Amino acid sequence: CLPETSSIFSNAPCLPLLFMSPGTHAQQAFRTEPRNLTVRMGATAVLKCEVLRASGIVQWAKDGFLLGPQRSLPGFPRYSMIGRRGQYYLRIEDAQLDDDAFFECQAGQSERSDAIVSSPAFLTVQIPPSKPYFTTDVTTPWVAGKKYMVECVAPDAKPSADITLYKGESLSSATSFTTSGSKDKLLNTHAEVTYVFHRLPDSLSSTSPLNLPPSLPGLLVFLVFKVFLFSPSPPYIIGLDRDVVKAGSLLVLECVSHGGNPLGTLQWTKEGEVLSTTWGEEVVGQKSRSILRLQITPADNQAELSCESANIVSLSPLSVTRKITVFFGPATLTRSGSLEAIEGQELTLSCHASSSNPPVHIRWWLGHKELSNTSVTMEEGENGGMTATSNVTHRVSREENGLKLTCEAFNNGTHLSKIQAAKLTVYYPPQKVFIDSPPEDVPLRSGSRAVLVCHSAGGNPPAKLTWFKNGKKVSDAEPQTSSNMVVTQVLNLLLTASDNQAAYRCDATNEAKRTISAHAKLLVQFTAVTMKITAKEEVFYRGQQMELECLSGSSNPKSDISWKVGPLRLQGVEEAPKEAEFGGVSVLSRLHLNLTSQHHNQKVICQAYSPVLEEGASTFYQLNVIYPPEFSSEQATEVQVVEDDVATIPLMVSANPEVVSCIWLRRKQMLVKGEDIRHHWSDDHSLEIRNVTRKDKGLYTIKCENGEGVNETTVKLDVYYAPTVKAEKDPVYVNQGGTADLICVADANPIIPEMFSWKWLGEEEVEMGEETNENKSSLLTIHNVTRAHAGFYQCSASNGIALPGSVEMRLVVQFTPELRKGPQWRKVASRGDGTATAELVCQAEGIPPVEFTWEKKGMLIDLANPRYEERTARDGSFHTSTLRVVNVSATLDYAVFSCTARNSLGEDKLDIQLVSTNHPDPPSSFSLVGVTHNSVTLEWIPGFNGGLQQRYRIRYIWDQSVSYMYVDVVPPDTTTFTVTGLQPQTTYNFSVNALNSIGESGYADDGAVLTITTEGQSGVTPQINHVRTNVNLVFGVLLVLNSLGCFFGRKWKNRRDKTSTRDYLFHLRTGKCSSSSQSTGISNKYESREKINTGAQRTLLVDTGSETESNVYESYTFQEDSHYYYPTGDYKPYHGPHPEDRHGLGETQQTLLL
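Every value quoted in this text rests on a predicted model; they were computed, and no experiment measured them.

Caption draft 1: Examining the overall build of the protein more closely. Secondary structure summary: the protein contains five helices and 91 strands in total. Taking all 1154 residues of the protein together, the buried fraction comes to 42%. Roughly 62,800 Å² of accessible area belongs to the protein as shown, and the carbon and sulfur atoms make up 50% of that amount.

Laid out in C-alpha cells, this is it:
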C-alpha cells in the first residue's frame, strides 16, 4: 500500500499594489512582493518582501493577524524577520500544518508616506501520510480460489495520498476514495481491491519502486497470508562459548529457529526487556535467523539473555536463556585529603575505587617508593561488583617536596590499572633574612631618598616580605621579586622628619607559619616641621608697637630664627631651645615692630634656617593696620587724553577700614553724579569723562574719608587735540622781485617742534623759501619773488593727534603789464572801401589790473567818436582790449595805432599797423624737431597772415634731384609737420613759406635753408637706379612745361599791361624765363585821399565767403570770373611731396601736381 502526494504549486505572478495619496513625499513602494510557496512539513520556508524608502512600520500578517514589527517576532518562536536594510524576509522554521495560511507584507503609514499592503501569498505545507495499514482480517486462514476484499488505508496526508497495490505487479483494478483525517486539512485515502488466491502459499505485497511525489517518500506495508500452519522448533544461540565477558567488548550472537508454517518470528530479550525483533527467513532451509550485536557494559553483569521463537499457531513462545558474567574495572578512582603539609607533619590520604568485578587491589607510591602504612576496606557495589577504599598515613620532610604521590587500583579480571597522581607540597620556613640600608651613624637629609632592601633566602614557598615602621605596616613598598630561592623587596623612602631614629623591620613569612625578622634605623637631619606666629592683640593701629612670637617646631639640628617684613630683615629675641618630637629641638623667638600704614596687609615672615642643611622653613603673619585714607605714591598727578576720547582719572587711595567715601571737585565745585552725563565713576571712585573736550582740562581735587580721618589730593587733566590752522592773511600781495611772508597760526595741544610744513600746490616746481616755526605759528619767507611763485600754498600742522590740519593761502605777485607782441599782433588787415570793420586786439598780462589807452598816429583816440568802439575783457591776470574801427577807409585808417597798457607799477606799449589785405608775411624760426631714417619733423612760427586765412608749404631738395619737391601742410593752420617718404642717410635742404588767397610769402628766415640728413636703416639697400630713372623722366616733362610756361607768360604779361582794372600775381617757381624771373612787387605804402594799391583793389573782387573755409588755388586768366579751386567738402589733399607747379598760358591754365 503506497500513498503519494499531489503537487498544487501555483506560479501565478504577483504584481505589487501601491497606494499613493496626492501630495505625499518619498512614497513607500515594494521592490519585491511575497509569492506563493509550497514546502514540506518540517522544512524551512522564506517569504521575501523588500520595501523601497520604508518610513512606516513594516510587519507581516498571517490570515489577517499582524505578527508584530520586531524582527524576532516575540510569541512566534519559529518565526523571524531576516535580511539586510530594506529586506523583510519572513523565515518559518520547522513548517507545520498551522503554517498553512496566506501571508501579507505591510508597511504602515508615516508622515511622509501612505501605508502599502502586498498581494497575499499562500504558504502550502505538504504533509506525508502516516504509516499505511491493511484493514483486512488476517487471523483466519484463507482458502485458495475464494474471493477476498483487501483494503489499504493511508491516513492523515496533505494532499491526499495515492495508493498502489501490488501482487507481483500493480493491481489496476483497485479503487480509491478519501475521507477526512484526524485534523482539519488532512485526508485519509482508502484503496480497495477484490483478489482470488489461486495457489499456496500466496502473498500480497509490493515488489517494485513506488510512484512518489518528489518531496514525499513512499511508504510500504506488506500483507502476508499462509495456509497449512504449524509451530517452529525451539531456538538455540550461537557465539556464547563462555559465560564471562569483559565490559566494553562487542558480543555478536546468532539465534536460529527451524521449521514452522509460517516460519517462526524471533526476538531477543534481556531481563525481560526486548532488545531486537529483527530476523531473517531462509525459505529453502526452512529456518529463521536473528543476529544480536550487544555492547557489553558493567550493567550486563549476571544478566539473563533470551531468544524467543513463535508464529501465529504457537500457543506460547519457545525460548533459550543464558546468564553472563561481566568483568569490569572501577569507573572512578577518587583521592581525598590535602597534598600540602608543613615539614614534620603527618599526611593522611584516602583513595576510593568505585564498584568493580572482581575487586581491585590498591597500592600507594611516593616517587618510586611504595608506602606500606595503609589500610583497605571493601563493600558491595553496583552491578554486582565491590568497592575498595585504601587509607595511608605518612610524615613528610622537605626532601619530599614536589614528589609525585600515586594511588593505583589494579583489576585482576580486566588486567587493567587505574591511577590518581598529584605532586606533594611540603612547606618549610626561610633560612635567613637581612636588610641592606645606610649606616645608622651617617646623617641623611630630609627630602632626599633612602633605599632599604630586604632579602630572604630559602623556604617553601618563597617568603612573603612585609615592612614595618615603628611597629606599623608600611604599604608603599615596591613589589617583591625573587631569583634563585632569594626573595627581595625594596622600600624607597622619601625621607621626612619622622624617619629620624625610626625603627624599620622586615618580616619574612610563608605557609610554614614561622616569621623571621631583620631591623634597621636611620639618622635624618630635617628643618623645622612646624612654624607658628602668635600675637597678643588682633587689631593694630598706625603708630602702635606690636609684639609677635614665633615658635619653630622640631628640627635636627637646631634652627636659627630670623624675621622679615617686606624687604627688611629684622632680628628677634630667641629663648633657649627645647627637646621636641622626632628627636629634634624647638626654638621660640619674639619680635617688636612700630606700625605704619605701609604695614597693612603686609606679611611678617618668620624663618627657621638650618645652617647645616642650608635651608629652612617659614611662616607668615598678615598685618591688619587701621589707618585713615592715604593716597598712593603712584597716584597720577597729571593725566593726558586726546579730545573726544575717554579720559580716566585714576584714584589710588588706600585705607583701613576700606569703606571710603570720596568726592570730586573742579574749580571748588563738587561733581555730582547725573549732572553731566559724560561723567562716570567706577567702583574704585576713579573718574571717567567720556567724549572729553578741551574745556574739560584743568585741576581736579579728590577728597576721601573713612572712620579714621580725611585726606585729599589734586590731579591735572591735560586734553590733547589736533591742530586747527588759519591763515593770518589771505591773499598775500607782493611785487615781483620783492619778499613774500606767508604766515599761518595753529590752535593745537600739544605744540611740538617741526609741527608745521609748507607745500606748493602749483604744477611747476619753484623754490619754496625759508620756513620759520615759533610756538603756534609758522612763517614762510620767499625772497626775490618771481611770477612763477604766484599761486596757492598749503600750510599743514600735525602734532600726532588725529589727522593734520591745513589751510590754503594764495600768493599774488604784482608786476608791470606785458603786452603780447608777436608778428600776428602787430598787423591787422582790412578792406579800405569804407564798408568793412577792423578789430585791433591788444592783450596784456599784469597785476594789479591793467588799463588801456589807444592812439592813432601818435594822437589819443577819442572813443566818443562813433567810428571807434573799445571792448575790454579780463581772465585772471590777462587783460584784453579790442578796438573796433567801423567803415574802414584806406585814406583815413591805414595807419599805425598804438595800444598802451598800464597799472600802478608801470606800462607797456604796442604799435599795430592797419593795412590792406595782402599776401602773408614769411614764417620765422624754422627749425628741426626730430628725424628718422625716412621722415623729418619741422616747426616754425607763423607770420602775419595778410588778413586772410593762410596755409603753409614745405619745399625740399637733395643732391640727386633735378627740381624741388613740395608738400602742403595739413591741416592748414598747423605749425608743426612731418615730411615722410624720405631716403635713409640722405641730406635734404628744407624751406617753408605761407600762402593765402592773394599770394604767398617769401621763405622763412629770409630764405634761409635748413639742411638735415636722415638716419640710416640697417638691412635696407637704397634703390638709387630707380630714383635716377624717375627723376630723368620727370625732368624731361618739366622742361617741356617750362617752355610752354615762358611762351604763355610773355603773352599774358602783354595783356596784363593793357588791362588796368585787373592785377594778377603770378609766381613761376622753377625754370629760367627772362620775362618772369622777377615777380611783380606789391606796395605797402599808402598815400592820402583815394589812392589805393592794385592788390587792395583786387581783394574786393574775391568771394570772401570761402576765404576761411577752403583751400583755394586762384588764377586769373583772360576771363574775369575764371576761378579754379578744389572742392572743400570731401577734398583730401595729397600729403606727400610733389614737384613745383608749372604754369603756361593758353586757352586754359593748367597746374601739374605730381
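Caption draft 2: Examining the pattern of salt bridges more closely. The final tally for this structure, using the stated rule, is 43 salt bridges. Lys856 serves as the salt-bridge partner of Asp893, at 3.0 Å between the closest nitrogen and oxygen. One end of the pair, Asp893, is in helix α2 (residues 890-893); the other, Lys856, is in strand β78 (residues 851-856), and 37 residues separate them in sequence. Exposure class is identical for Asp893 and Lys856. Each is buried. The closest approach of N and O atoms between Arg884 and Glu869, which form a salt bridge, is 3.3 Å. Taken together, the positions of Arg884 in strand β81 (residues 878-885) and Glu869 in strand β80 (residues 868-875) put the pair 15 residues apart, joining distant regions of the chain. Overlapping salt bridges, with partners in common, bring together Lys536, Glu547, Glu549, Glu575 and Arg590 in one network.

Caption draft 3: Region of interest: the confidence of the model for the protein. In the predicted model, the protein carries a mean pLDDT of 82, and the fraction of residues at 70 or more is 82%. Counting contacts from residues 1-24, a segment whose pLDDT is below 50, to residues more than four positions away or on other chains yields 77 contacts. Between residues 1138-1154, whose pLDDT stays under 50, and residues either more than four places distant or in other chains, the model counts 62 contacts.

Caption draft 4: Region of interest: the sheet that holds strand β27 (residues 303-310). On the basis of which strands lie adjacent, the open sheet formed by five strands has the order β21-β28-β27-β23-β24 and mixed pairing. In the strand order of this sheet, the two ends are held by β21 (244-246) and β24 (273-276), each with one partner. Put simply, the sheet's adjacent strands are angled 35 degrees from each other on average, direction ignored.

Caption draft 5: Just the pairing of strand β86 (residues 951-958), in detail. Buried residues dominate β86, accounting for eight of its eight residues. Sheet topology places β86 next to strand β89 (residues 987-995); eight bridges connect them, and they run antiparallel. In the sheet register, Ile957 faces β89, and the bridge partner there is Asn989. Two elements, β86 and strand β87 (residues 965-968), share four bridges in a ladder whose sense is antiparallel.

What counts and what doesn't
- Residues numbered from 1 in each chain as written.
- Predicted model: local features only at pLDDT ≥ 70, side-chain atom pairs only at ≥ 80, totals over all residues.
- Heavy atoms only, no water.
- Helix = DSSP H or I, 4+ residues; strand = E, 2+ residues; numbered from the N terminus.
- Buried < 20%, exposed > 50% of the residue type's maximum accessible area, 1.4 Å probe, protein only.
- Areas by Shrake-Rupley, 256 points an atom, 1.4 Å probe, with all protein chains shown as cover.
- Salt bridge = Lys/Arg side-chain N within 4 Å of Asp/Glu carboxyl O.
- pLDDT = per-residue confidence, 0-100.
- Contact = heavy atoms within 4.5 Å.
- Pairing = 2+ DSSP bridges.
- Axes fitted to C-alpha atoms, helices over the stretch in contact; angles between N-to-C directions.

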